[in-house]
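# Coordinates in review
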Amino acid sequence: MTPATLRHIERPPRPSALSNALTFGWRAVLKFRHVPEQLFDLIMTPLMFTLLFTFVFGGALAGSTRDYLQFFLPGILVQTVAFNAVYSGMGLSTDLRKGLFDRFRSLPIWPLSPFAGLIVGDMLRHLIAGAIILGIGLILGYRPEAGLPGVVAAFLLLLAIGFGIGWVFIVLGLLIRTPTTVMTLGFTVLFPVVFASNIMVQPETMPDWLRAFVDVNPISLMTTAMRGLMAGTSTPGQIALALLAPALLTAILVPVTLCLYRRA
């Protein structure tokens with residue numbers, strides 16, 4: 001083919017933002033296929049939390065493991081999503097160390113598409129872990145009173161929560177150079193927020209100062225909405241409060257992510 005002929009060939013159309021995002025999303029799916037061992041942490045951590053808290057604390061806190069499971073299982077879903085979101089920051093930090101994002105930055109693509117791939121990976125992790133926890137819960141005796149519609153609505157809320165929290169750790173992944181430090185700092189921030197909530201126990205027996213924090217803790221608000229959706233007792237106000245923190249995190253941290261990415 002001669003240079004004259006090449007000049008008459010039209011440039012292919014630039015891919016859309018959606019096409020870019022789907023491509024990087026597929027990359028996230030391939031990571032599960034080629035590195036299946038990453039599923040071990042994803043599965044074992046929520047499984048151990050569910051079994052240990054149900055059988056060790058269930059009888060003491062609720063009189064029976066079955067009653068405690070009805071209270072505890074929606075909360076452990078929220079906790080699992082919060083903990084799993086740390087892995088997106090770790091993956092981003094790893095890719096940055098390898099120089100992969102330098103290559104992405106040089107391509108004519110939507111700037112947020114690499115991060116869209118990380119979020120897709122997060123969504124897959126949330127769905128897999130949530131399905132496993134729910135399956136174990138059903139085996140142990142958990143029964144969602146709202147039935148299948150309530151479970152579907154709760155999982156949609158769970159994905160929205162994971163989407164918002166994920167941006168926190170994407171920003172950490174851009175700021176911190178090592179994946180281990182991202183994990184350490186991430187869990188250092190998450191542990192007090194997750195455990196000082198109503199996931200494990202009702203806040204009525206807590207000191208007044210701690211209860212005041214628990215009542216406004218976004219994790220508590222998310223857990224209350226999850227319980228309501230799965231029990232069929234949720235109100236629009238509870239759902240709106242549960243979505244408030246993820247919406248604010250997304251609105252604030254997406255521009256921050258783009259700014260940090262362009263300056264890196």
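Residues numbered from 1 in each chain as written. Predicted model: local features only at pLDDT ≥ 70, side-chain atom pairs only at ≥ 80, totals over all residues. Heavy atoms only, no water.

On to helix 9 (residues 179-195). Across its 17 residues, helix 9 extends 24 Å between first and last C-alpha, which sits within 8% of the 24 Å expected from 1.5 Å per residue. Looking at the buried positions of helix 9, the neighbouring elements they touch are helix 4 (65-84), helix 5 (86-98), helix 8 (147-175) and helix 11 (218-231). (Helix = DSSP H or I, 4+ residues; strand = E, 2+ residues; numbered from the N terminus. Expected span 1.5 Å × (residues − 1). Contact = heavy atoms within 4.5 Å.)

A word on the pattern of salt bridges. Scanning the model with the defined rule gives two salt bridges in all. Put simply, Arg125 and Asp122 hold a salt bridge, and the shortest N to O gap is 2.4 Å. You can see Arg125 and its partner Asp122 sitting in helix 7 (residues 113-140), three residues apart, about one turn around the helix. The shortest N-O distance in the salt bridge between Arg211 and Asp215 comes to 4.0 Å. Residue Arg211 and its partner Asp215 are both found in helix 10 (residues 208-216); the two are separated by four residues, about one turn of the helix. Judged by its relative accessible area of 31%, Arg211 falls in the partly exposed class. (Salt bridge = Lys/Arg side-chain N within 4 Å of Asp/Glu carboxyl O. Buried < 20%, exposed > 50% of the residue type's maximum accessible area, 1.4 Å probe, protein only.)

Here the focus is the packing of aromatic side chains. Under the criterion given, the structure shown has 11 aromatic pairs. Taking 6.3 Å as the distance between ring centres and 35° as the angle between the ring planes, the aromatic pair formed by Tyr68 and Phe71 counts as tilted. Here the residue Tyr68 and the residue Phe71 both occupy positions in helix 4, the gap between them amounting to three residues, near one helical turn. Summarising the burial analysis for this pair, Tyr68 and Phe71 share the class buried. Three or more aromatic residues joined by ring pairs form one cluster here, namely Phe49, Phe53, Tyr68, Phe71, Phe72, Phe83, Phe187, Phe191 and Phe195. The ring centre of Phe71 lies 3.7 Å from the NZ or CZ of Arg227, which sits over that ring. (Phe/Tyr/Trp six-rings, centres within 6.5 Å; stacked < 30°, edge-to-face > 60°. Lys NZ or Arg CZ within 6 Å of the ring centre and 35° of its normal.)

Our focus in this paragraph is the packing of helix 4 against helix 8. Two elements in contact, helix 4 and helix 8, have axes whose closest approach is 9 Å; the angle formed by their N-to-C orientations is 30°. When the interaxial angle is binned, helix 4 and helix 8 end up roughly parallel. Crossing of helix 4 against helix 8: the hand is right-handed. Between helix 4 and helix 8, the contacting residues are Leu77, Val78, Val81 and Ala82 on the first element and Leu158, Ile161, Gly162, Ile165 and Phe169 on the second. Classifying every residue of the contact of helix 4 with helix 8 gives eight nonpolar, one polar and no charged. (Axes fitted to C-alpha atoms, helices over the stretch in contact; angles between N-to-C directions. Parallel < 35°, antiparallel > 145°, perpendicular 65-115°, else oblique. Left-handed = near helix turned anticlockwise from the far one by under 90°. Nonpolar A, V, L, I, M, F, W, Y, C, P; charged D, E, K, R; others polar.)

Moving on to the nonpolar core. Within the largest apolar cluster, 42 residues are counted, with the highest numbers of intra-cluster contacts made by Leu73, Met226 and Met230. Secondary-structure elements contributing two or more residues to this core are helix 3 (38-62), helix 4, helix 5, helix 7, helix 8, helix 9, helix 11 and helix 12 (236-263). Looking at this core element by element, the count peaks at 11 residues for helix 4. Setting aside residues up to four positions removed in sequence, Met230 forms contacts with Pro74, Leu77, Leu134, Tyr142, Pro144, Glu145, Ala146, Gly150, Val151 and Ala154. Grouped together as the second largest cluster of nonpolar side chains are 19 residues, Phe115, Val171, Leu174 and Leu258 included. (Core = buried A, V, L, I, M, F, W, Y, C linked by side-chain atoms within 4.5 Å.)

Take the environment of Gly91 next. Tracing the backbone through its elements, the reader meets Gly91 in helix 5. Judged by relative accessible area, which is 19%, Gly91 ranks as buried. Through-space distance from the C-alpha of Gly91 to that of Gly173 is 7.8 Å; in sequence the pair is 82 residues apart.

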